[in-house]
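Each chain, letter by letter, is given below.
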Amino acid sequence: MRVIHVITRLILGGAQENTVLCCEELRQRFGDDVLLVTGPPLGPEGSLLARAQAAGLPTEIVPALRREIHPWRDAAAYFALRRIIRRFRPDVVHTHSAKAGILGRIAAWRLDVPAVIHTVHGAPFHPYQVAPARWFSIACERYAARRCHALIGVADAMIDLLVDAGVADRDKCVTIYSGMEIEPFLRADERRAAVRRELGYSDEHCVIGKIARLFHLKGHRDVIAMARRLIPRNPQVRFLWVGDGILRSGLEREIAEAGLTPYFRLTGLVDPSRLPDLLGAMDILVHASLREGLARVLPQALLAGKPVVSYDVDGAREVCLNDQTGFLVPARDVEALTKAVQRLIDSPELRQRLGRAGQGRCSQLFSHRTMTEQIRALYCRVLEESGRGSPPGSS
């Protein structure tokens, strides 16, 4: 099977890791001819491009493919994608992220690619946008959805959101959870003591982690507000933030102004291979983002045996089950967030019970091998329904 994956940029992120893993698995396990097309990995979030290229994954960079709306640059990116598709002659074009999803679907559809697939990792429209921007995003997604054969949502909540917004009919959509290499997370506690010493934590410390880009709508300020409430009652609490982004200096200033600097450690960017060790050093994972598809860090923390406390947004409730694997609280309810975390601080036994339950649940749902099998089966089904037939070895 000849497959092109198109994504706007290969920064360090869940959608990007998902895409690279899928491409690698299609090549190594199924013998498919795969090309990964991406824009430049601009921004402070780091890059997965070197990892993809080191693994021997064929890649092609389209310099004009960027997140920001820019009519002339977007037109150049569209025609570049057309040239790549026409040259590669794929059976499948699979797009990811908003900009690559719109331009890539239009280009592939007009070139009569047999199977055009798009994954929604997180909807580009959300309640925190100004109304005109939200309407414009929905209109673009409706237009692009008519120019593909199937939509993948990384959570049932993503499918519900698309259907409710009139983007696509439910029978055009399928949920496939975003896979990952689960084994390192299952072994996350193997180096717990050494990593905690390295980070300056003692046995008495209860470490509350947050893994996210330091970016808008990721909820870091809500966690600072929570820390103001928790630390006077729990001086043994420490906060470990993993990630970087444009808001770092402002957030560090807010932490300092609140007198909380001794309680916070910001790692900045880390190599993805470091995440299991850092999760192993944590006791609780807090996810206060206001919009996600299904945040990758939630199953990662649960695979590591750590309970999670999350805002009840999008797909979080599909892995964060109240009083089973963690606690869900209403978005932006800092008081409820504080109370849920306090329950876990007070009870190591509760932390262990919830973490074990989450580990068992997620180890069955989030293997990248399972994800790729389901995605490739979808490719084959679409090809059969299009009358083009399945490529050899697709059964």
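Computed from a predicted structure; not experimentally measured.

Quick notes on the rules
Residues numbered from 1 in each chain as written. Predicted model: local features only at pLDDT ≥ 70, side-chain atom pairs only at ≥ 80, totals over all residues. Heavy atoms only, no water. Phe/Tyr/Trp six-rings, centres within 6.5 Å; stacked < 30°, edge-to-face > 60°. Helix = DSSP H or I, 4+ residues; strand = E, 2+ residues; numbered from the N terminus. Buried < 20%, exposed > 50% of the residue type's maximum accessible area, 1.4 Å probe, protein only. 1 Å grid on protein atoms, 1.4 Å probe; cavity = no way out; pocket = protein on both sides within 12 Å on 5 of 7 lines; lining within 4 Å. Points joined across faces, edges and corners; volume = space filled by probe spheres on them. Nonpolar A, V, L, I, M, F, W, Y, C, P; charged D, E, K, R; others polar. Arc of directions from axis to C-beta. Contact = heavy atoms within 4.5 Å. Pairing = 2+ DSSP bridges. Axes fitted to C-alpha atoms, helices over the stretch in contact; angles between N-to-C directions. Right-handed = clockwise from strand over helix to strand, strands pointing away. Disulfide = S-S within 2.5 Å. Salt bridge = Lys/Arg side-chain N within 4 Å of Asp/Glu carboxyl O.

A.B. asks: Quick question: what am I supposed to make of the packing of aromatic side chains here?
C.D. replies: Each pair of aromatic rings is reported with the distance of its centres and the angle of its planes. Taken as a whole and assessed by the stated rule, the structure comprises four aromatic pairs. Note on Y177 and F366: the rings are 5.2 Å apart at their centroids and 45 degrees apart in plane angle, and the pair reads as tilted. In this pair, Y177 sits in the loop between β7 (173-175) and α7 (183-186) while F366 sits in the loop between α14 (348-365) and α15 (368-385), placing the two residues 189 residues apart along the sequence. On the basis of relative accessible area, Y177 is assigned to the buried category, the value being 17%. Through a chain of ring-to-ring contacts, the aromatic side chains of F239, W241 and F264 assemble into a single cluster.

A.B. asks: What exactly am I supposed to notice about empty space enclosed by the protein here?
C.D. replies: One water molecule sets the probe size; rolling that probe over the atoms shows where empty space is left. Under the definition given, this model contains one cavity of 30 Å³ or more. Put simply, the largest cavity is a space of about 40 Å³. Lining the largest cavity, in full, are N18, T119, I152, V154, I176, Y177, M371 and I375. Tallied by class, residues from the lining of the largest cavity come to six nonpolar, two polar and no charged.

A.B. asks: Would you mind showing me how to read helix α8 (residues 192-199) here?
C.D. replies: Since the α-helix packs 3.6 residues into each turn, any two residues three or four apart lie on the same face. Those residues of α8 that fall on the buried side of the exposure criterion are V195, R196 and L199. The arc enclosing the buried residues of α8, seen along the axis, measures out at 100 degrees, which places them on a common side. Those residues of α8 that are buried lie in contact with β8 (206-211), β9 (237-242), β10 (264-266) and α11 (275-281). Count one or two residues on from α8 and you reach G200, which has phi positive near 90 degrees.

A.B. asks: How should the sheet that holds β9 be read in this particular structure?
C.D. replies: Hydrogen bonds between backbone atoms are what pair the strands of a sheet, whose relative direction is either parallel or antiparallel. In space, the six strands of this open sheet follow the order β10-β9-β8-β11-β12-β13, with parallel pairing throughout. The open sheet has two edge strands with one neighbour each: β10 and β13 (326-329). The mean inter-strand angle of the sheet, taken between neighbouring strand axes irrespective of direction, is 20 degrees. Pairing geometry for strand β11 (residues 284-287) and strand β12 (residues 308-311), over three bridges, is parallel.

A.B. asks: So what exactly am I meant to see when it comes to the pairing of strand β2 (residues 33-39) here?
C.D. replies: Looking along a regular strand, one sees the side chains alternate between the two faces of the sheet. For β2, a buried count of six out of seven residues is recorded, marking the element as mostly surrounded by other parts of the structure. Note on the crossover from strand β1 (residues 2-9) through helix α1 (residues 14-30) to β2: the handedness is right-handed. Taking the sense of rotation as the criterion, the β-α-β connection linking β2, helix α2 (residues 49-54) and strand β3 (residues 59-61) turns out right-handed.

A.B. asks: Hey, could you run me through the state of the cysteines in this one?
C.D. replies: Throughout this description, disulfide means a covalent bond between two cysteine sulfur atoms. Within this structure, the stated rule accounts for zero disulfides. No disulfide involves C206; its nearest neighbouring cysteine sulfur is the one of C320, lying 16 Å away. The class of C206 is buried, set by a relative accessible area of 4%.

A.B. asks: Help me understand the pairing of strand β4 (residues 92-96), please; the structure alone is not making it clear to me.
C.D. replies: Summarising burial for β4: five of the five residues are buried, a large majority. Residues of β4 alternate between two faces, with V92, H94 and H96 on one and V93 and T95 on the opposite face, all of them buried. Two elements, β1 and β4, share five bridges in a ladder whose sense is parallel. When the sheet's bridge partners are listed, I7 is paired in β4 with H96. Bridge analysis of β4 against strand β5 (residues 115-120) gives five bridges, and the strand direction is parallel.

A.B. asks: Help me understand the pattern of salt bridges, please; the structure alone is not making it clear to me.
C.D. replies: Side-chain pairing between opposite charges can occur once the charged atoms of the two side chains come close. Scanning the entire structure with this criterion turns up 25 salt bridges. The salt bridge partner of E60 is R87, with a shortest N-O separation of 2.6 Å. Placement of E60 in strand β3 and of R87 in helix α3 (residues 71-88) is noted, with a sequence separation of 27 residues between them. Relative accessible area serves as the criterion here: at 23%, E60 is assigned to the partly exposed category. Here R87 falls in the exposed class, since its relative accessible area comes to 52%. The closest approach of N and O atoms between R170 and D160, which form a salt bridge, is 3.0 Å. Remark: D160 occurs in helix α6 (residues 156-164) and R170 occurs in the loop between α6 and β7; sequence separation between them is 10 residues. Here R170 falls in the partly exposed class, since its relative accessible area comes to 44%. Each member of the salt-bridge network shares a partner with another, and the members are R191, E198, R274 and D277.

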